[in-house]
Amino acid sequence: MPSDLAIGIHDLSFRTTGLVLSHTELARCNGTDIAKYHQGIGQRAMSLPTADEDIVTMAAAAAAPLVERHGTDRIRTVVLATESSVDQSKAAGIYVHSLLGMEPHVRVVEMKQACYSATAALQFAAGLVHRDPQEQVLVIASDISRYDLDSPGEATQGAAAAAMLVSADPALLELTRPSGLFTADVMDFWRPNYRTTALVNGKESIAAYLEAVEGAWKDYQRRGGLPLEEFRAFCYHQPYTRMAFKAHRQLLETCGAQADEETLDHALAATTGYNETVGNSYTASMYLALAALLDDADDLTEQTVGLFSYGSGSVAEFFAGRVRAGYKAHLRGEAHREAIGSRRAVDYGTYRELREQTLPTDGGWYELPHETRGPYRLAALRDHQRVYEAA
Ligand code: COA
């Protein structure tokens, strides 16, 4: 096997949900100064699911364009990363495999570690492709983030799924080695099995995130990683987009470099466009930052991008990717902007009503209203089973 075989992201697509609440509307109704949302946390709107949307329907919608373009013949593995899963046993990816009409000779598995697990999935995928460069791996990150009403986290809710096809000779981004890793046993954010909303110690989570930036970067350097000057841009996990700026300032200070606004903007400005209007999509967030960068930045051919993935609890990884020549021909910016632009705006009252709605748990037969404009929907609940269909 050639050791210089390029492996990485061959295609990248994301989708979000059908509804959107603007922070202007949220601020108007909860009495918050809008500047706190727009400037303080860098958020403008949050995606909300319709009654018949969930992480499976988003995941299938995000992955469908990849399957349409590349077929399924070479996909031998599907990994779905999420922390808002719909079942404790069955991998959500199996529903996606079925909705996409994939053939049976595929391994499907789900991964969890807060917002980090899509990066573990990506590394797992790269390893599989290294074993057999003919194989491709479909990696999907799909999450709906929910915090308690009127809690500090509420303004950072959101939803999205990012799907990536990992292959040899990738069209978009070659993943390079090494990775810098950092794990710490902290309780900054967690969701016990009996809760539908996450518990979070907001300030502690910021501190834990920043400690992980420093820890992962130092590990990356110890293992022979590239110096700071080699990087054109940095995609951080963005629970809210200002977090990326805090994180990069931390990284620059760790390197003894100057962290002025111009330097921060050059490295980050093109990475926040999708997340500021979608909200926190947990596992998908860093990959929406990457999508925004590739879709919106000037030519990045052969440039190196830093990626920092953080999942509370906590696990973090810093790694680098090299943008491939000709990548622009494979991008999906128009479809991404359409997914965001086609959401239906809801007012604050509707949002509060939506938050009151919960799916029945008695095992009865319930048809769900057809509300999504997406290609797949959760059609019914029956005998404690979820029934999905093409919309
Ligand atoms: N105009 C401009 N900026 C304002 C403002 C105003 N009127 N009011 C507040 N701000 C700024 C604050 O100075 C702060 O910025 P800073 O962090 O650079 O100092 C920012 O807006 C947030 O204000 P803060 O008072 O800290 O907000 P909060 O107590 O409501 O909580 C989080 C913010 C992020 C902790 C909260 O949203 C949260 O818990 N989120 C979920 C967890 C999370 O995302 N963790 C991140 C790591 S994974």
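Numbering of residues begins from 1 in every chain and follows the order in which that chain's sequence is written. Local features are withheld for residues below a pLDDT of 70 in this predicted model, meaning they are given only at 70 or higher, and side-chain atom pairs are given and counted only at 80 or more; totals for whole chains, interfaces and linings count all residues. Only heavy atoms go into the side-chain values, all of them from the structure, while hydrogens and water stay out.

- In the nomenclature of an unreviewed UniProt entry, the protein chain corresponds to Hydroxymethylglutaryl-CoA synthase from the organism Streptomyces xinghaiensis.
- Among the UniProt annotations of the protein chain, the heading Sequence similarities (unreviewed entry) holds the following wording: "Belongs to the thiolase-like superfamily. HMG-CoA synthase family." UniProt positions are given in the numbering used here, feature names are shortened, and annotations may be inferred rather than shown by experiment.

### Thoughts on the overall build of the protein chain
Alright, step 1. Counting its regular elements, the protein chain contains 12 helices and 17 strands.
Alright, step 2. We take the radius of gyration over the C-alpha atoms and set the globule estimate at 2.2 Å times the residue count to the 0.38 power. Relative to the compact-globule value of 21 Å for 391 residues, the protein chain shows a C-alpha radius of gyration of 20 Å, a close match.
Alright, step 3. Expressed as lengths along the three principal axes of its C-alpha atoms, the size of the protein chain is roughly 55 × 50 × 40 Å.
Alright, step 4. With a 1.4 Å probe rolled over the protein chains alone, any residue whose accessible area is under 20% of its type maximum counts as buried; one over 50% counts as exposed, and the rest are partly exposed. In the protein chain, buried positions account for 58% of the 391 residues.
Alright, step 5. Intrachain contacts of the protein chain at a sequence separation of at least 6 include 74% that bridge at least 24 residues.
Alright, step 6. Where accessible areas are quoted, they stem from the Shrake-Rupley method and a 1.4 Å probe; at the residue level, only the protein chains shown are allowed to cover. Working note: accessible area of the protein chain is about 16,300 Å², and carbon and sulfur atoms make up 47% of it. Under the scheme used here, helices are H or I runs from DSSP no shorter than 4 residues and strands are E runs no shorter than 2 residues, and both carry numbers assigned from the N terminus. By the convention used here, residues are in contact when the closest approach between their heavy atoms is within 4.5 Å.

### Concerning the state of the cysteines
Alright, step 1. Disulfide assignment relies on a single distance test, namely cysteine sulfur atoms paired within 2.5 Å. In the structure shown here, the tally under the stated rule is zero disulfides.
Alright, step 2. The thiol of cysteine 115 is unpaired, and the distance to the nearest cysteine sulfur, on cysteine 235, comes to 16 Å.
Alright, step 3. For cysteine 235, a relative accessible area of 1% puts it in the buried group.

### Digging into the nonpolar core
Alright, step 1. With 48 residues, the main nonpolar core has Tyr287, Leu290 and Leu294 as its most contacted residues.
Alright, step 2. For this core, the leading source of residues is helix α10 (residues 285-296), giving nine residues.
Alright, step 3. Non-local contacts of leucine 290, meaning those with residues more than four positions away in its chain, are made with Ile9, Leu12, Leu173, Cys235 and Leu307.
Alright, step 4. Formed by 44 residues, the second largest nonpolar core is a distinct cluster that contains Ile206, Tyr209, Phe231 and Tyr240. Take the buried residues of types Ala, Val, Leu, Ile, Met, Phe, Trp, Tyr and Cys, join any two whose side-chain atoms come within 4.5 Å, and each joined set is a nonpolar core.

### Overview of the sheet that holds strand β17 (residues 385-390)
Alright, step 1. The three strands are arranged β15-β16-β17 in an open sheet whose pairing can be described as antiparallel. Two strands close off the open sheet at either side, each with one partner strand: β15 (366-367) and β17.
Alright, step 2. Sheet analysis places strand β16 (residues 376-382) next to β17, joined by six bridges and oriented antiparallel. Paired with leucine 381 across the bridge in β17 is arginine 386.
Alright, step 3. Across the sheet, helix α3 (residues 55-70) touches β16 and β17, and the angle it forms with β16 is around 150°. In short, DSSP must find at least two bridges between two strands for them to pair. Fitting a line to C-alpha atoms yields each axis, with helices limited to the stretch in contact; the angle taken between N-to-C directions then spans 0 to 180 degrees.

### Re the packing of aromatic side chains
Alright, step 1. Two aromatic rings from Phe, Tyr or Trp, using only the six-membered ring of Trp, form a pair when their centres are within 6.5 Å; if the ring planes differ by under 30 degrees the pair is stacked, by over 60 it is edge-to-face, and anything between is tilted. Applying the stated criterion across every chain, the model contains 17 aromatic pairs.
Alright, step 2. With a centroid separation of 6.2 Å and 25° between ring planes, the pair formed by phenylalanine 234 and tyrosine 236 is classed as stacked.
Alright, step 3. Aromatic side chains tyrosine 348 and tyrosine 351 sit 6.0 Å apart centroid to centroid with 45° between the ring planes, which places their arrangement in the tilted category. Of the two residues, tyrosine 348 and tyrosine 351 both sit in helix α12 (residues 348-356), three residues apart, roughly one turn of that helix.
Alright, step 4. The class of tyrosine 348 is buried, set by a relative accessible area of 13%.
Alright, step 5. Overall, tyrosine 351 belongs to the buried group, its relative accessible area being 0%.
Alright, step 6. Cluster of aromatic residues (ring-pair linked, three or more members): Tyr209, Trp217, Tyr220, Phe231, Phe234, Tyr236, Phe308, Tyr310 and Phe318.

### A look at the UniProt feature "domain: Hydroxymethylglutaryl-coenzyme A synthase N-terminal" (unreviewed entry) in the protein chain
Alright, step 1. Mapped onto this numbering, the UniProt entry annotates "domain: Hydroxymethylglutaryl-coenzyme A synthase N-terminal" (unreviewed entry) at residues 7-169.
Alright, step 2. The span residues 7-169 carries 34% helix and 31% strand; its end-to-end C-alpha distance comes to 6 Å.

### Remarks on the site of the ligand
Alright, step 1. One heavy atom suffices: a residue is near a molecule or strand as soon as one of its heavy atoms comes within 4 Å of it. Taken together, 17 residues lie around the ligand, and Lys36, Pro152, Lys203, Ser205 and Lys246 are the ones closest in.
Alright, step 2. We define a polar contact as two N or O atoms separated by no more than 3.5 Å, with the added condition that, inside protein, one atom must be a possible hydrogen donor and the other a possible acceptor, whereas residues neighbouring each other in sequence contribute only through side-chain atom pairs. The separation between an oxygen atom of the ligand and a polar main-chain atom of proline 152 is 2.9 Å.
Alright, step 3. Surface burial for the ligand is 68%, taken as the share of its 960 Å² of free accessible area covered by protein chains.
Alright, step 4. Secondary-structure elements contributing two or more residues to the shell around the ligand are α2 (34-41) and α6 (202-222).
Alright, step 5. Each residue receives one of three labels: charged for Asp, Glu, Lys and Arg, nonpolar for Ala, Val, Leu, Ile, Met, Phe, Trp, Tyr, Cys and Pro, and polar for the others, Gly being one of them. Per-class residue counts for the shell around the ligand are eight nonpolar, five polar and four charged.

### Thoughts on unusual backbone geometry
Alright, step 1. Cis geometry is adopted by the peptide bond preceding proline 178, which originates at arginine 177 and carries an omega value of 5°.
Alright, step 2. Mapping proline 178 onto the fold places it in strand β8 (residues 173-183).
Alright, step 3. In this model, glycine 313 is joined to serine 314 through a cis peptide bond whose omega is 0°.
Alright, step 4. With respect to the element layout, serine 314 can be found in the loop between β12 (304-311) and β13 (315-323).
Alright, step 5. Although it is not a glycine, tyrosine 282 sits at a positive phi angle of roughly 45°.
Alright, step 6. If you trace the backbone, tyrosine 282 turns up in the loop between α9 (275-278) and α10.
Alright, step 7. Overall, the relative accessible area of 3% leaves tyrosine 282 in the buried class.

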